[in-house]
Amino acid sequence: MQKTDKIFIAGARGLVGSALKRLLSQEGYTNVLTPGRKELDLMDTKAVAAWFEKHKPDYVFQAAAKVGGILANNTSPADFIYQNLTIQNNIIHQSYLNKVKKLLFLGSSCIYPKLCPQPMKEEYLMTGPLEPTNSPYAVAKIAGIEMCWAYNRQYGTRFIPVMPTNLYGPNDNFDLKNSHVLPALIHKFHEAKLANAPAVTVWGTGAPKREFLYVDDLAKACCFLMNRDLAESTYKNKPLFNIGTGKDITIKELALLIKEVTGYEGVLEFDESKPDGTPQKLLDVSQINALGWHASTSLHQGIADAYEWYNNKSGTI
């Protein structure tokens, strides 16, 4: 990407999109397009077509999505599959029609089978049943991957799907009703500390293992791949890149770490009547590591930074 190229970040106000926007600004890119929902409704096919025709972006980061944790996925499955399919269909198709040089499609590690061998390699995609609690979202993301591959094969596009692990950081969603586990726990421990609550309840047994990546590290990985001169054969051979740290932690260990960072002094309780979800989700990141990219933010530092951002946002510092 040249510094003056038109770079479109779809979903620029979200967790991933805002990290991409920060990084591109820091790196000196001067023509970054970040339309909000009022300017561009990504669910509106005609509006997306008109916007692409007018602005003709050179590069596209498809970071727009409806996302949420177990509760949100369980209660709104139709919204998750319909909205994600519609958004990505509009952006991918218009990127082809308007001759975008490269598109990077953000997927999710939930695309892999529930009982996938660990760590999860890219070739394990669609080798077994999905985790039922988020299968509508996962199916939408799998369709986006297949769409990128299909357009590469039929039209010679350069569309790259990437699969990040669980993300966290500034601009995350900390709402207890529809957030992911890490920001939800930050919220819970913070509120418990303020209220001097004797205990914090964590969903499930605490035994499942999860991998967490600081969102600014993901932004660096995405720009790394966008700027990487991949061989033409890569685009024809179903490119897919896992992005993560290659390390995981149990939910109990995560809760104890967040307890330490937030300074909460009560006890942990586990509600085993609530679902655990997938037993383990650890990505094999050897492919992107071999190209020269590695995550650089430790989990402790990342949680501390995320908690500082949350504190500043909630006005309690």
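This text gives an overview of the structure that appears in the document. (Residues numbered from 1 in each chain as written. Predicted model: local features only at pLDDT ≥ 70, side-chain atom pairs only at ≥ 80, totals over all residues. Heavy atoms only, no water.)

What follows concerns the environment of Asn98. Among the structural elements, Asn98 can be located in the loop between α4 (77–97) and β4 (102–106). Along the backbone, Asn98 and Lys56 are 42 residues apart, and their C-alpha atoms lie at a distance of 6.3 Å. (Helix = DSSP H or I, 4+ residues; strand = E, 2+ residues; numbered from the N terminus.)

A few words on the nonpolar core. In this structure, Met1, Phe8, Leu20, Leu42, Phe61, Tyr112 and Ile243 are the most contacted members of the largest nonpolar core, which totals 71 residues. Look past the residues within four positions of Phe8 in its chain and what remains in contact with it is Leu33, Pro35, Leu40, Leu42, Trp51, Phe52, Pro57, Tyr59, Val60 and Phe61. In terms of nonpolar packing, the next biggest core, distinct from the first, is built from 23 residues, Leu182, Phe212, Tyr214 and Ile251 among them. (Core = buried A, V, L, I, M, F, W, Y, C linked by side-chain atoms within 4.5 Å. Buried < 20%, exposed > 50% of the residue type's maximum accessible area, 1.4 Å probe, protein only. Contact = heavy atoms within 4.5 Å.)

A few words on the sheet that holds strand β8 (residues 209–210). Backbone-to-backbone hydrogen bonds join strands into a sheet, with any given pair of strands oriented parallel or antiparallel. One open sheet holds the three strands; their spatial order is β11-β8-β13, and the pairing between them is mixed. Looking at strand neighbours, the two that pair on one side only are β11 (249–250) and β13 (280–281), the edges of this open sheet. Where β8 lies against β13, two bridges are found, and the strand directions are parallel. In the sheet register, Lys209 faces β13, and the bridge partner there is Gln280. (Pairing = 2+ DSSP bridges.)

Before going further, it helps to spend a moment on the environment of Leu15. With respect to the secondary-structure elements, Leu15 resides in helix α1 (residues 15–26). It is 25 Å that separates the C-alpha atoms of Leu15 and Pro113, two residues lying 98 residues apart in sequence. Apart from the residues within four sequence positions on either side, Leu15 is in contact with Leu167, Tyr168, Gly169, Pro170, Asn171, Asp172 and Val215.

Quick look at the packing of aromatic side chains now. Evaluation of the coordinates by the stated rule reveals twelve aromatic pairs. Relative to Phe52, the ring of Trp51 has its centre 5.6 Å away and its plane inclined at 75°; by these criteria the two rings are edge-to-face. Each member of the pair, Trp51 as well as Phe52, carries the same accessibility label: buried. Ring pairing ties together the aromatic residues Tyr96, Tyr151, Tyr155 and Phe159, which thus form one cluster. Over the ring of Tyr29 we find Lys3; its NZ or CZ atom is 4.3 Å from the centre of that ring. Between the NZ or CZ atom of Lys66 and the centre of the ring of Phe80, over which it lies, the distance is 5.0 Å. (Phe/Tyr/Trp six-rings, centres within 6.5 Å; stacked < 30°, edge-to-face > 60°. Lys NZ or Arg CZ within 6 Å of the ring centre and 35° of its normal.)

Tallied over the entire structure, the rule returns six salt bridges. Close ionic contact of Asp216 with Arg22 constitutes a salt bridge, the shortest N to O distance being 2.7 Å. One end of the pair, Asp216, is in helix α7 (residues 215–227); the other, Arg22, is in helix α1, and 194 residues separate them in sequence. Across the pair Arg158 and Glu232 runs a salt bridge whose closest N-O atoms are separated by 2.0 Å. Of this pair, Arg158 sits in the loop between α5 (135–155) and β5 (159–164) while Glu232 sits in helix α8 (residues 232–236), and the two are 74 residues apart along the sequence. Note on Arg158: relative accessible area 29%, which makes it partly exposed. The class of Glu232 is partly exposed, set by a relative accessible area of 45%. (Salt bridge = Lys/Arg side-chain N within 4 Å of Asp/Glu carboxyl O.)

What follows concerns the sheet that holds strand β2 (residues 32–33). Read from one edge of the open sheet, six strands run β2-β1-β3-β4-β5-β10, paired in parallel fashion. Among the strands making up the open sheet, the edge pair consists of β2 and β10 (241–243). Alignment of β5 against β10, held across three bridges, turns out to be parallel. Looking across to β10, one finds that Met163 is bridged to Asn242. Running over the sheet, α7 touches β3 (59–62), β4, β5 and β10 and is turned about 150° from β4. (Axes fitted to C-alpha atoms, helices over the stretch in contact; angles between N-to-C directions.)

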